[in-house]
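Close look at the chain arrangement
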Amino acid sequence: MDSAMSKLLLIYCIIFALAIIDVKGLKNVKLEVTPEVVEQGQEAILRCSYELEDEPLYSLKFYRGEHEFYRYSPNERPQTKIFNFTWIEVDASRSSESQVTIRKVDFILKGNFSCEVTTNPSYTTMTSTKSLTVVSVPRGKPVIASERKRYEPGETLRANCSIPLSRPAARIFFTLNDDAINNIYVQNLKSNQQKLQSSRSSTDLNSITLTRSLMNDGQQQQQQQQYRQTSSEDLLQGIELSMPLQTFHYRSGQLNLRCRAKIADIYDEWSELQLGTRLREPVPERVRSSRASSQYHNAICSILLGLSILLFYSR
């Protein structure tokens, strides 16, 4: 019993000693992705910070998923090694022992990136992981169009609003004189809707395929080219409005129809149309105004009075 207690006490002492000893070596490995949300075609910088203390660096490796694409080894010549993948373009002149710069980021790179640091001679290894999000933002403002320029109460306001295809999809909505419009009067644009869904499914499949197992270079290039074709600006996303108008919709006889498109905190644009009631047909003037009619009546009376006087004195 005493032997068991002694062993237990010894274990506690060892744990306590390890806790208070300042252990030297690799620590505080941290990966930063700048920016974490990058627009398609732009660049991203991966920075891996770490503390070596008493042990020198043996290697620094960067991964996309399970695939190593960049390595820095200070004891080798050359010190840097870039793995030849067509789906990622590394800027060697702006990559070093702590960072790697990726140019022309595409949707296929969306997902987890990791940096792995190893020291020598203990070969202690620590890893840090961050997620990269790739987006495609429309250029310019939403395009808004109305069936007519003027509407009367009781008529149906028909309009649509569209922007080029984006990823992720934009939130698009109408307001009328700054008031929200009930969703029962709004639906998605019918044109290009099937193509839009097809292109999104295709790009989602690309990301899933990369995560599981990268395909050969020819297949990679074919899929990337397919996405570029389906994401051209002839594909639209948008909404259609069909709403019966009532008198309370008008403000000073006007309708201010606004369409706003928003993607998180990276895109927020709007366009608007000034609509109103139809111009009234001009009312033709009467042949004689009330004033002219009164003057005519007075003249007739004066003539009749004059004739009566002449007839009286002529007797």
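Here's a quick rundown of the structure. Note that the structure is a prediction, hence the values are computed from the model and not measured. (Residues numbered from 1 in each chain as written. Predicted model: local features only at pLDDT ≥ 70, side-chain atom pairs only at ≥ 80, totals over all residues. Heavy atoms only, no water.)

**Here we look at the overall build of the chain**
- Scanning the chain from terminus to terminus reveals four helices and 18 strands.
- Within the span of the chain, comprising 315 residues, buried residues form 34% of the whole.
- Restricting to contacts in the chain with at least 6 residues of sequence separation, those with at least 24 account for 68%.
- Surface exposure of the chain reaches about 20200 Å², of which carbon and sulfur atoms provide 52%. (Helix = DSSP H or I, 4+ residues; strand = E, 2+ residues; numbered from the N terminus. Buried < 20%, exposed > 50% of the residue type's maximum accessible area, 1.4 Å probe, protein only. Contact = heavy atoms within 4.5 Å. Areas by Shrake-Rupley, 256 points an atom, 1.4 Å probe, with all protein chains shown as cover.)

**Side note on the pattern of salt bridges**
- If you walk through the whole model with that rule in mind, you get 14 salt bridges.
- A salt bridge links Glu-39 to Arg-139; its shortest N-O distance comes to 3.0 Å. In this pair, Glu-39 sits in strand β2 (residues 37-39) while Arg-139 sits in the loop between β10 (125-135) and β11 (143-146), placing the two residues 100 residues apart along the sequence.
- The exposure class of Glu-39 is partly exposed, given its relative accessible area of 22%.
- A salt bridge links Arg-251 to Asp-179; the nearest nitrogen and oxygen atoms lie 3.3 Å apart. (Salt bridge = Lys/Arg side-chain N within 4 Å of Asp/Glu carboxyl O.)

**Some details on the sheet that holds strand β7 (residues 89-91)**
- Spatial strand order, β1-β3-β8-β7: four strands in an open sheet with antiparallel pairing. Strands at the two margins of the open sheet, each flanked by one partner only, are β1 (27-34) and β7. Neighbour to neighbour, the strand axes of the sheet diverge by 25° on average, direction disregarded. (Pairing = 2+ DSSP bridges. Axes fitted to C-alpha atoms, helices over the stretch in contact; angles between N-to-C directions.)

**Describing the pairing of β10**
- With three bridges connecting them, β2 and β10 associate as parallel partners. In the sheet register, Val-37 faces β10, and the bridge partner there is Thr-133.
- Where strand β9 (residues 111-119) and β10 come together, eight bridges link them in antiparallel fashion. The residue bridging Ser-114 from the neighbouring strand is Thr-129, located in β10.

**Some details on the sheet that holds strand β13 (residues 171-176)**
- Pairing within the open sheet is antiparallel, and its four strands lie in the order β14-β13-β17-β18. Strand pairing shows two members of the sheet lacking a second neighbour, β14 (179-180) and β18 (267-276), which therefore form its edges.
- One ladder, built from two bridges, connects β13 with β14; its direction is antiparallel. Note that in β14 the partner of Leu-176 across the bridge is Asp-179.

**As for the side chain of Gln-237**
- Along the chain, Gln-237 falls in strand β16 (residues 236-244).
- Gln-237 sits in the buried class, given a relative accessible area of 4%.
- Among the polar contacts listed, one links the side chain of Gln-237 to the side chain of Ser-166, at a separation of 2.6 Å. (Polar contact = N/O pair within 3.5 Å; in protein donor to acceptor, adjacent residues only side chain to side chain.)

**Observations regarding the state of the cysteines**
- Considering all chains together, one arrives at two disulfides under this definition.
- The disulfide partner of Cys-48 is Cys-115, and the S-S distance across this bridge is 2.1 Å. Taking the torsion about the S-S bond as the criterion, the Cys-48 to Cys-115 disulfide, at about 60°, is right-handed. Remark: Cys-115 occurs in strand β9 and Cys-48 occurs in strand β3 (residues 44-51); sequence separation between them is 67 residues. Of the two residues, Cys-48 and Cys-115, neither departs from the other in class, the shared state being buried.
- Here Cys-161 pairs with Cys-259 through a disulfide, and the sulfurs are 1.9 Å apart. Every disulfide takes its handedness from the sign of the S-S torsion; for Cys-161 and Cys-259 that torsion is -80°, giving left-handed. Here Cys-161 is found in strand β12 (residues 156-164), whereas its partner Cys-259 is found in strand β17 (residues 254-263), with 98 residues between them in sequence.
- For Cys-161, a relative accessible area of 1% puts it in the buried group. (Disulfide = S-S within 2.5 Å.)

Keep in mind these numbers describe shape, not what the thing actually does.
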